[in-house]
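Summary of structural features
So the chains spell out like this:
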Amino acid sequence: MPVEDTAADTAAASGDGKAPASKAGRNLPAALAVGLALGLSLIAILLWAPKVLIGVIAVAMAVATWEVAKRLREADVLVPRVPLLVGGQAIIWLAWPAGPQGVLGAFGATALTVMVWRLFDHGLQATPRNYLRDTAISIFTLAWVPLLASFAVLLLLQDDGNLRVLTFMILVVCSDVGGYVAGVLFGKHPMVPHISPKKSWEGFGGSLVFSVIGGLLTVTLLLQANSMIGVLLGVGLVLVATSGDLIESQVKRELGIKDMGTLLPGHGGIMDRLDSMLPSAFVAWLVLTALL
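A short tour of the structure in this document, coming up.

Parameters and conventions
Residues numbered from 1 in each chain as written. Predicted model: local features only at pLDDT ≥ 70, side-chain atom pairs only at ≥ 80, totals over all residues. Heavy atoms only, no water. Salt bridge = Lys/Arg side-chain N within 4 Å of Asp/Glu carboxyl O. Helix = DSSP H or I, 4+ residues; strand = E, 2+ residues; numbered from the N terminus. Patch = residues over 30% accessible without salt bridge, like charges linked within 9 Å, V, L, I, M, F, W, Y side chains within 5 Å. Areas by Shrake-Rupley, 256 points an atom, 1.4 Å probe, with all protein chains shown as cover. Buried < 20%, exposed > 50% of the residue type's maximum accessible area, 1.4 Å probe, protein only. Core = buried A, V, L, I, M, F, W, Y, C linked by side-chain atoms within 4.5 Å. Contact = heavy atoms within 4.5 Å.

Here the idea is simple: oppositely charged side chains can pair when their charged atoms come close. Using the criterion set out here, one finds 9 salt bridges in the structure. Put simply, Lys252 and Glu248 hold a salt bridge, and the shortest N to O gap is 3.6 Å. Of the two residues, Lys252 and Glu248 are both situated in helix H8 (residues 227-255); the distance of 4 residues between them amounts to about one turn of the helix.

Another aspect to go through is a nonpolar patch on the surface. A contiguous nonpolar surface patch, about 1100 Å² in accessible area, is contributed by Val173, Val177, Val181, Leu185, Phe186, Val209, Phe210, Ile213, Leu216, Leu217, Leu221 and Met228. For the nonpolar patch, the elements supplying multiple residues, two or more each, are helix H6 (161-186) and helix H7 (201-221). At 6 residues, H7 tops the list of elements feeding residues into the nonpolar patch. When its relative accessible area of 30% is taken as the criterion, Leu216 is described as partly exposed.

Another point: the nonpolar core. Met61, Phe168 and Met271 are the most contacted members of the largest nonpolar core, which totals 62 residues. Mapped by element, the contributors of at least two residues to this core are helix H2 (28-48), helix H3 (52-74), helix H4 (81-120), helix H5 (131-156), H6, H8, helix H9 (270-274) and helix H10 (277-291). The greatest single-element share of this core, amounting to 12 residues, is contributed by H5. Setting aside anything within four residues of it in sequence, one finds Phe168 in contact with Ala152, Leu155, Leu237, Met277, Ser280, Ala281 and Ala284.

See below:
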């Protein structure tokens, strides 16, 4: 059954055409406090101990993978948690010494392990049930969570990588804030009502405006680069952040749930805060690696 969008949905890049999230059953002060605390903590890490972020990403991806796997198994989708968790950590940590080759190798090895694990997880004498579905969803989860997150690590390890990661994080926040403000004030035209009824085209426009301005400022001031790179990055991140938010909305809609988890007051689970960040990490890595 369709469910109400989460607070992450209403504050995400595509915007919200209705009232503030607290009217949808959210504790808005708690959500703001948690979001502010997380944001300040990440900024402090990036400025003074950037390598610590690799451990933070690894822990966050382990929790997010567990949340997704738990929800899937509740829906009788038997994703193998052990190879997903172990392989996900390999994908994150091998980005440090081995770069993209390490990420690709760990992803391929984990995908193969998942295929074999799911084939024999009920024993050699049992007939696998829903093997194709469960294996495909398992590899989707592997790509959705740790693989996309690994690009944040790859970005961090570049020259001025802490500033590059800070840039993409600021742009995702700009997209979220712009979408929320424009959606609340002006949202009238639904964007994709059958996936996320509260998303509006006005909110999407607000995301574009805020993110492009944020891109111009951050790329120019933080990275000392051509401002047009900031425009390209701002537009690209709005597109993928919006898509990432809608992907998670559809996953939760099909599972009949409101949140992936309950760890963060006012937000839901870790995965509920990463839906737009994960694809944005990939696009930020792609654009900044190619153009800087």
